[in-house]
Amino acid sequence: MSGFSPQWLALRESADHRAVNAQVRKAIVDDLAGQERVAVVDIGCGTGSNLRSLAPHLGARQVWRLVDYDAALLGAARDTLMRWADDARESGDRLLLVKDQRAIEVAFLQADLATGLSDVLDHKCDAVTAAAFFDLVSEDWIGHFCAEMAARRRRFYTVLTYDGREQWTPPSPEDAAVLAAFHRHQASDKGFGAAAGPGATQALAAGFQRHGAKIMTGTSPWQLGPEDQMLMQELARGIAAAVEETGTIAKDDLARWQEARRNASACEIGHLDFYARFG
Ligand SMILES: C[S@@+](CC[C@H](N)C(=O)[O-])C[C@H]1O[C@@H](n2cnc3c(N)ncnc32)[C@H](O)[C@@H]1O
C-alpha cells in the first residue's frame, strides 16, 4: 500500500489533465511523431492517469508498461483503463485497448522503484514518463535516475511535479505558517531518502544537463475554482494532516486554517512539467 488511494487519484485526475503544460507535451509528441509504434514506460503510474492524459496525443499504435509498487493501484489501473477504452480485451496479463482509433497495449509491472530502477529501465522503450511522482523521491535517487537514463539514452517526460507555490482565495493569516510546515513534511522520507519535494524539477534539470541532455521545463499549475470544491476540501484535509504530523503548528491555528479553507473559492497549486532528451 502506497498511501495514495484510488479515490484521491480519481478526484484529482481532471485537474491534473487540465493543468498539463501543452508546450512541453508538444516537444515529446513531436519527437515521437512519425514512429509506426511508440513504447512508453510510466513509473509510479497509480491508476494510469498519465496514460489517459498522454495517449490521445501519441500515434495510432502504442505499447505502455505501467509500473508501481502498489498492487491495489495496479488493479485499479486495469479496471479504470478497461472502462476508459472504447474496446478492451485481456491477453494474458496485458490489456489490448482501442481508444479513439488508437491501439494501446498495456502491461503492468509491480516493482519498487527505490530498489529496482535498473531492471525497470532495462525494458526497451521510446520514452520514460511519470506524473505527480518526482517530488516523492530524494535528490540522490534523482542523480541515480539521471545516470541510468543517460546510460540508455532514454527520453524522459514528467508532469505535475509540485513546485512549492500555493495560493488560496481568500487568503488566511495562517497560510504562510501552514505552507512552511507542509514543506517540512514534504521533505520527509517517502521510501527514497529525504524527499526532494519542491526542489525535484531543479534536481532533474541539473542531473540531465550533467549528462548532456537537452531539457525543457514549463509550468502546470492546478487552477481550482468553485467546480473543484471537493478536490479543494480533500486537498486542505491532506495538507492539514501532513502539517499535524510535523507538530510545528498549534492545533487551534491549524483548525482555523482548515475552517477558512472550507470557504475557499479558488486555489492555485504550482507544478512543473519537464522533458529531457539526448541528442
Ligand atoms: C501521487 S501518486 C501519482 C500516481 C499517478 N502517476 C497519477 O498521476 O495519478 C504517486 C505514485 O507513486 C507510487 N510510488 C510511490 N513510491 C513508489 C515506489 N517506491 N515504487 C513504485 N511506485 C511508487 C505510488 O504507489 C503512487 O501510485
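Residues numbered from 1 in each chain as written. Predicted model: local features only at pLDDT ≥ 70, side-chain atom pairs only at ≥ 80, totals over all residues. Heavy atoms only, no water.

(A) Focus on the overall build of the chain. Within the chain, the regular secondary structure consists of ten helices and ten strands. Counting only C-alpha atoms, the chain reaches 60 × 40 × 35 Å along its principal axes. Residue burial in the chain is summarised as follows: out of 279 residues, 52% are buried. Taking as baseline every contact in the chain between residues at least 6 positions apart, the subset at least 24 positions apart corresponds to 78%. With an accessible surface of roughly 12600 Å², the chain has 50% of that area assigned to carbon and sulfur atoms. (Helix = DSSP H or I, 4+ residues; strand = E, 2+ residues; numbered from the N terminus. Buried < 20%, exposed > 50% of the residue type's maximum accessible area, 1.4 Å probe, protein only. Contact = heavy atoms within 4.5 Å. Areas by Shrake-Rupley, 256 points an atom, 1.4 Å probe, with all protein chains shown as cover.)

(B) The arrangement of the site of the ligand in detail. Near the ligand there are 20 residues, and of these Gly44, Asp68, Asp112, Leu113 and Ala131 occur at the shortest range. The contact in question runs from a nitrogen atom of the ligand to an N or O atom on the backbone of Tyr69, over 3.4 Å. Within the backbone of Leu113, one N or O atom sits 3.0 Å away from a nitrogen atom of the ligand. Summarising the interface, the protein chains cover 98% of the accessible area of the ligand, which totals 590 Å² for the free molecule. Of the residues contributing to the shell around the ligand, the split by class is 13 nonpolar, four polar and three charged. (Near = heavy atom within 4 Å. Polar contact = N/O pair within 3.5 Å; in protein donor to acceptor, adjacent residues only side chain to side chain. Nonpolar A, V, L, I, M, F, W, Y, C, P; charged D, E, K, R; others polar.)

(C) Main features of the packing of aromatic side chains. Scanning the model with the defined rule gives 17 aromatic pairs in all. Both rings, one in Phe133 and one in Phe192, keep their centres 5.9 Å apart while their planes meet at 85°; by these two values the pair is edge-to-face. With Phe133 in the loop between strand 6 (127–131) and helix 6 (139–152) and Phe192 in the loop between helix 7 (175–186) and helix 8 (200–210), this pair connects stretches of sequence that are 59 residues apart. You'll find Phe133 and Phe192 in the same group, each marked buried. Between Trp141 and Phe192, the aromatic rings sit 5.1 Å apart at their centres with planes inclined by 75°, giving edge-to-face as the arrangement. (Phe/Tyr/Trp six-rings, centres within 6.5 Å; stacked < 30°, edge-to-face > 60°.)

(D) Inspection of the packing of helix 1 (residues 6–19) against helix 9 (residues 229–246) at higher detail. Running from amino to carboxyl end, helix 1 crosses helix 9 at an angle of 125°, the nearest separation of the two axes being 10 Å. Taken together, the axes of helix 1 and helix 9 are oblique relative to one another. In the packing of helix 1 onto helix 9, the handedness of the crossing is left-handed. Counting all contacts with helix 1, which are made through Trp8, Leu11, Arg12 and Ala15, the residues of helix 9 involved are Met230, Leu231, Glu234 and Leu235. Classifying every residue of the contact of helix 1 with helix 9 gives six nonpolar, no polar and two charged. (Axes fitted to C-alpha atoms, helices over the stretch in contact; angles between N-to-C directions. Parallel < 35°, antiparallel > 145°, perpendicular 65-115°, else oblique. Left-handed = near helix turned anticlockwise from the far one by under 90°.)

(E) Structural context of the nonpolar core. Ranked by size, the top nonpolar core spans 57 residues in total, and within it Trp64 and Val106 carry the most contacts. Among the elements that make up this core, the one with the highest residue count is helix 9 (eight residues). Those residues in contact with Val106 that lie beyond four places of it in its chain are Leu51, Trp64, Leu66, Leu81, Arg94, Leu95 and Leu97. (Core = buried A, V, L, I, M, F, W, Y, C linked by side-chain atoms within 4.5 Å.)

(F) View of the pairing of strand 3 (residues 87–91). As judged from the five bridges shared by strand 3 and strand 4 (residues 94–99), these two strands associate in the antiparallel manner. Within strand 4, the position partnered with Ser91 by the bridge is Arg94. The hairpin formed by strand 3 and strand 4 contains two residues between the paired strands, and Gly92 there has a positive phi angle of roughly 60°. (Pairing = 2+ DSSP bridges.)

(G) Examining the environment of His57 more closely. Mapped onto the elements of the fold, His57 is located in the loop between helix 3 (49–54) and strand 2 (61–68). Judged by its relative accessible area of 34%, His57 falls in the partly exposed class. Here the alpha-carbon distance between His57 and His185, two residues 128 residues apart in the chain, equals 35 Å. Not counting residues within four places of it along the chain, the set of residues in contact with His57 comprises Arg25 and Val29. A polar atom in the side chain of His57 sits 3.3 Å from the side chain of Arg25.

(H) Examining the packing of helix 6 against helix 8 more closely. Orientation of helix 6 relative to helix 8, taken along the N-to-C sense of each, is 35°, at an axis distance of 9 Å. Crossing hand, helix 6 versus helix 8: right-handed. The segment helix 6 lies against helix 8, with Glu139, Ile142, Phe145, Cys146 and Met149 engaging Ala200, Ala203, Leu204, Gly207 and Phe208. Class assignment of the residues belonging to the contact of helix 6 with helix 8 gives a composition of eight nonpolar, one polar and one charged.

What is shown is where atoms sit, not what they do.
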